Amino acid sequence: MQQEKQYWDDIIKNLDPAESGYDGWLDKYNLELLGPRQFIVELGCGWGDDTGYLIKLTARLISCDFSGEAIEKICKYYPMVNTFQFDMTEGFPFEAEAVDVIIADLCLHYFDDDEMGDIVAEIGRVLTPGGRLICRVNSDKDMNHGAGQGEEIQ
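Because the structure is a prediction, the values reported are computed rather than measured. Numbering of residues begins from 1 in every chain and follows the order in which that chain's sequence is written. Under the rules for a predicted model, residues below a pLDDT of 70 receive no local features and side-chain atom pairs below 80 are neither given nor counted, while totals for whole chains, interfaces and linings still include all residues. No hydrogens and no water enter the side-chain calculation; it runs on all heavy atoms of the structure.

Since the α-helix turns once every 3.6 residues, residues separated by three or four places project in the same direction. Between its terminal C-alpha atoms helix α4 (residues 113-126) stretches 20 Å, which fits the 20 Å expected from 14 residues at 1.5 Å a residue. We call a residue buried when its accessible area falls under 20% of the maximum for its residue type, exposed when it is over 50%, and partly exposed in between, using a 1.4 Å probe and counting protein chains only. The helix count covers DSSP runs of H or I at least four residues long, the strand count covers runs of E at least two residues long, and both are numbered beginning at the N terminus. Within α4, burial applies to M116, I119, E122, I123 and V126. All buried residues of α4 lie within an arc of 120° about the axis, which places them on one face of the element. Turned more than 90 degrees away from the buried face of α4, the exposed residues are D113 and D114. Contacts from the buried residues of α4 go to β4 (99-105) and β5 (127-136). For α4, the capping residue at the N-terminal end is D112, with a side-chain oxygen 3.1 Å from the backbone nitrogen of D114. Here, expected helix span is obtained from the residue count minus one, scaled by 1.5 Å. Our arc is simply the arc of the directions from the helix axis toward the C-beta atoms. Two residues qualify as a contact provided that any one of their heavy atoms is within 4.5 Å of a heavy atom in the partner residue. Pairing of N or O atoms within 3.5 Å defines a polar contact, subject to two protein rules: one partner must be a possible hydrogen donor and the other a possible acceptor, and residues neighboring in sequence count only if both atoms are side-chain atoms.

Another point: the side chain of D9. Among the secondary structure elements, D9 is positioned in helix α1 (residues 2-13). The charged side chain of D9 is buried without a salt bridge, its nearest counter-charge being K13 at 6.8 Å. When near neighbours in sequence (up to four residues on either side) are disregarded, D9 contacts S67, G68 and E69. Asp and Glu are treated as the negative residues and Lys and Arg as the positive ones, with His and the ends of the chain left uncounted. Every case where a carboxyl oxygen of Asp or Glu lies within 4 Å of a side-chain nitrogen of Lys or Arg is listed as a salt bridge.

With that out of the way, let us pick up the pattern of salt bridges. If you walk through the whole model with that rule in mind, you get three salt bridges. A salt bridge links R136 to D105, with the nearest nitrogen and oxygen atoms 2.5 Å apart. Of the two residues, R136 sits in strand β5 while D105 sits in strand β4, which places them 31 residues apart along the sequence. Residue classification places R136 among the partly exposed positions, given a relative accessible area of 26%. Residue classification places D105 among the buried residues on the basis of a relative accessible area of 11%. In the salt-bridge network here, residues are joined through shared partners; they are D23, D105 and R136.

Turning our attention to the packing of aromatic side chains. The pairing test for Phe, Tyr and Trp rings, Trp by its six-membered ring, is centres within 6.5 Å, and the orientation test on the planes gives stacked under 30 degrees, edge-to-face over 60, and tilted for anything in between. Under the criterion given, the structure shown has nine aromatic pairs. Aromatic side chains F86 and F94 sit 6.0 Å apart centroid to centroid with 85° between the ring planes, which places their arrangement in the edge-to-face category. No difference in accessibility class separates F86 from F94, as the two residues are buried. Members of the aromatic cluster, joined through ring pairs, are F39, F84, F86, F92 and F94.

And the structure:
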């Protein structure tokens, strides 16, 4: 696990959130309709591509990541955001039925089937009745977006 954490810390350490950007993928989900009593958890926040968009909403936000470097970047560039560092494979640090929306942008496809089953169970546990998981994942078969390239990390 330490090797995986170091891998992500090294990647994020060299990225500048000011040079990244939100690409509009969440716009169609009407998240602006959420109120201040509602709660969004951003899984795999990385260096903040989506965080800058999510902080403009009235809902409460917690940005989460496995990487300590990611959490440090979020705290530096978005000091008003609550953050939490945790490993999704070890359970979620949230109460049952406490989260209205979970955003998972390009972070869930790194897990094997058993880990993913546990993570999905945790997502189901923490979402409120009628809560939403909004996610996007990469495919290892999408040749237009890097399939077959890169280094296998798990």
